[in-house]
Amino acid sequence: MLGTNLLKHQSKPERIADQAWEHLTGAINSAGDSVKYTARSARRTGSHLTSHAGDRVGAVTDEARVRASRAYDALAGRRPGLPWGWLIGAGLFGAALAWAASAASRAALARAEEELPASDGLEFVDVDRANSPVRVDTT
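Procedures and definitions
- Residues numbered from 1 in each chain as written.
- Predicted model: local features only at pLDDT ≥ 70, side-chain atom pairs only at ≥ 80, totals over all residues.
- Heavy atoms only, no water.
- Helix = DSSP H or I, 4+ residues; strand = E, 2+ residues; numbered from the N terminus.
- Buried < 20%, exposed > 50% of the residue type's maximum accessible area, 1.4 Å probe, protein only.
- 1 Å grid on protein atoms, 1.4 Å probe; cavity = no way out; pocket = protein on both sides within 12 Å on 5 of 7 lines; lining within 4 Å.
- Points joined across faces, edges and corners; volume = space filled by probe spheres on them.
- Nonpolar A, V, L, I, M, F, W, Y, C, P; charged D, E, K, R; others polar.
- Salt bridge = Lys/Arg side-chain N within 4 Å of Asp/Glu carboxyl O.
- pLDDT = per-residue confidence, 0-100.
- Patch = residues over 30% accessible without salt bridge, like charges linked within 9 Å, V, L, I, M, F, W, Y side chains within 5 Å.
- Areas by Shrake-Rupley, 256 points an atom, 1.4 Å probe, with all protein chains shown as cover.

### Describing the overall build of the protein chain
Along the protein chain, the regular secondary structure elements total 4 helices and 0 strands. Walking the protein chain from its N terminus toward its C terminus, one meets helices and strands in the order α-α-α-α. Counting over 139 residues, the protein chain shows a buried share of 1%.

As structure tokens, then:
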């Protein structure tokens with residue numbers, strides 16, 4: 001009698017929802033182990049998907065937070081700071097490149113000196129006059 005009184009006071013959508021729930025639980029109980037296995041695999045798959053979704057949402061949230069902060073600073077009239085990390089990195093890269101180029105040129109000059117024959121009797125020629133030796137002024 002108690003159950004019938006409660007059903008009389010329910011609205012029609014509540015009665016339909018209760019009947020659907022009873023039908024669903026009856027179908028699951030009659031299906032047996034195969035439904036339990038399917039429900040278990042669905043739970044695992046759902047858990048896997050939610051963990052990946054959480055990672056993606058976290059990354060998107062971080063990006064949104066950075067963009068909102070930059071937009072707020074722009075609206076407040078504050079200029080963005082210089083990217084010091086990139087500037088220092090570019091300076092270090094340039095210094096390393098210059099060091100490598102100077103080391104390579106020194107090595108090439110050393111190899112070129114080894115290949116040239118040593119000549120002690122060099123004669124210098126005056127450029128203004130065609131066939132005259134260079135005069136050294138000691139004044």
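### Thoughts on the layout of surface pockets
Remark: the empty space left among the atoms is shown by a probe the size of a water molecule rolled over them. Roughly 160 Å³ of volume is contained in the largest pocket. Lining the largest pocket are Ser69, Arg70, Asp73, Ala74, Arg78, Arg79, Pro80 and Gly81. For the lining of the largest pocket, the per-class residue count stands at 2 nonpolar, 2 polar and 4 charged.

### Regarding the pattern of salt bridges
As a working rule, side chains carrying opposite charge can pair if their charged atoms are close by. Taken as a whole and assessed by the stated rule, the structure comprises 3 salt bridges. Between Glu63 and Arg67 there is a salt bridge, with its nearest N and O atoms 2.9 Å apart. Of this pair, Glu63 and Arg67 both sit in helix α3 (residues 33-75), separated by 4 residues, roughly a single helical turn. Looking at Glu63, the relative accessible area reads 40%, which means it is partly exposed. Here Asp73 and Arg78 are joined by a salt bridge, their closest N and O atoms 2.9 Å apart.

### Some details on the confidence of the model for the protein chain
Per-residue confidence for the protein chain averages 75 on the pLDDT scale, and 58% of its residues sit at or above 70. For the protein chain, per-element mean pLDDT is lowest for helix α1 (residues 2-9), which scores 56, and highest for helix α4 (residues 84-115), which scores 93.

### Structural notes on a nonpolar patch on the surface
Taken together, Leu82, Trp84, Leu87, Ile88 and Leu92 make up a surface patch of nonpolar side chains, about 570 Å² in accessible area. By the secondary structure assignment, Trp84 is in helix α4.

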